[in-house]
Amino acid sequence: MIITDRNTLSVLLIGSTHYIEMAPGQEAAIYYRTADEAHMALPDGTRRVGRWRITETGYQVDWTDGPSAGWQLDAEPGRIGYVDAGGVERGRVSRIVPGDAAALAA
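Everything numeric here is computed off the predicted structure, so don't read it as measured data. (Residues numbered from 1 in each chain as written. Predicted model: local features only at pLDDT ≥ 70, side-chain atom pairs only at ≥ 80, totals over all residues. Heavy atoms only, no water.)

> Explain the overall build of the protein here, please?
When its secondary structure is counted, the protein shows 1 helix and 9 strands. Counted from the first residue to the last, the protein has its helices and strands arranged as β-α-β-β-β-β-β-β-β-β. Compactness check: the protein gives a C-alpha radius of gyration of 13 Å against a globular reference of 13 Å for 106 residues, within 12% of the reference. Based on the C-alpha atoms only, the size of the protein along its principal axes is roughly 30 × 30 × 25 Å. Per-residue burial over the protein gives 36% buried out of 106 residues. For the protein, contacts bridging at least 24 residues in sequence account for 37% of all contacts bridging at least 6. On the protein, roughly 5,800 Å² of surface is accessible, and the fraction owed to carbon and sulfur atoms is 51%. Averaging the coordinates of the 10 positive side-chain charges in the protein and doing the same for the 14 negative ones gives two points 3 Å apart. (Helix = DSSP H or I, 4+ residues; strand = E, 2+ residues; numbered from the N terminus. Rg over C-alpha atoms; globule rule 2.2 N^0.38 Å. Buried < 20%, exposed > 50% of the residue type's maximum accessible area, 1.4 Å probe, protein only. Contact = heavy atoms within 4.5 Å. Areas by Shrake-Rupley, 256 points an atom, 1.4 Å probe, with all protein chains shown as cover. Lys, Arg positive; Asp, Glu negative; His and termini not counted. Charge placed at Lys NZ, Arg CZ, Asp CG, Glu CD.)

Here it is, written out as structure tokens:
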């Protein structure tokens, strides 16, 4: 089920770090610091800072000096997937931790 409810997305994202398994042994971390600021570390060590906002179908992230993309969270019992604008799952949430658990905003 794609989560489109603004309140639910706000609770899941704002103030939390999401760890996303991109491939076996490769994990990205995204910290949604506020309702419009995000920080990310990719498995290759690339770090990004950007702006994000909730949309009617999910949310949009615009990384500074990087890509912009629309995303959706696809939730089923026991799993949450990160789905791109084309409907393709690009990763699965391995855990959600309150706060800046990966020190991405430091």
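> Please clarify how helix α1 (residues 6-13) should be interpreted in this entry.
Capping the start of α1 is the job of one residue whose side-chain oxygen sits 3.2 Å from the backbone nitrogen of N7: D5. Looking one or two places after α1, you find G15, whose phi comes out positive at around 80 degrees. (Polar contact = N/O pair within 3.5 Å; in protein donor to acceptor, adjacent residues only side chain to side chain.)

> Where do I start with the packing of aromatic side chains in this structure?
Where two aromatic rings form a pair, the distance of their centres and the angle of their planes describe that pair. Per the counting criterion, the structure on display carries 4 aromatic pairs. Taking the centre distance of 5.3 Å and the plane angle of 75 degrees together, the rings of Y32 and W52 count as edge-to-face. Of the two residues, Y32 sits in strand β3 (residues 26-32) while W52 sits in strand β5 (residues 47-54), which places them 20 residues apart along the sequence. Residue classification places W52 among the buried residues on the basis of a relative accessible area of 2%. With a relative accessible area of 1%, Y32 lands in the buried category. Through pairs of rings, three or more aromatic residues link up here, namely Y32, W52 and Y59. Here the guanidinium or amino end of R95 rests over the ring plane of Y19, the centre of that ring lying 3.8 Å away. (Phe/Tyr/Trp six-rings, centres within 6.5 Å; stacked < 30°, edge-to-face > 60°. Lys NZ or Arg CZ within 6 Å of the ring centre and 35° of its normal.)

> How should I be thinking about the pattern of salt bridges in this particular structure?
One side chain can pair with another of opposite charge once the charged atoms of both are near each other. The tally for this structure, following the rule as stated, stands at 8 salt bridges. E27 is the salt-bridge partner of R95, the closest N and O atoms lying 3.3 Å from each other. Of this pair, R95 sits in strand β9 (residues 89-98) while E27 sits in strand β3, placing them 68 residues apart in sequence. By relative accessible area, E27 is classed as partly exposed at 32%. Put simply, R90 and D84 hold a salt bridge, and the shortest N to O gap is 2.7 Å. A cluster of three or more residues bridged by salt bridges with shared partners is formed by E76, R79 and E89. (Salt bridge = Lys/Arg side-chain N within 4 Å of Asp/Glu carboxyl O.)

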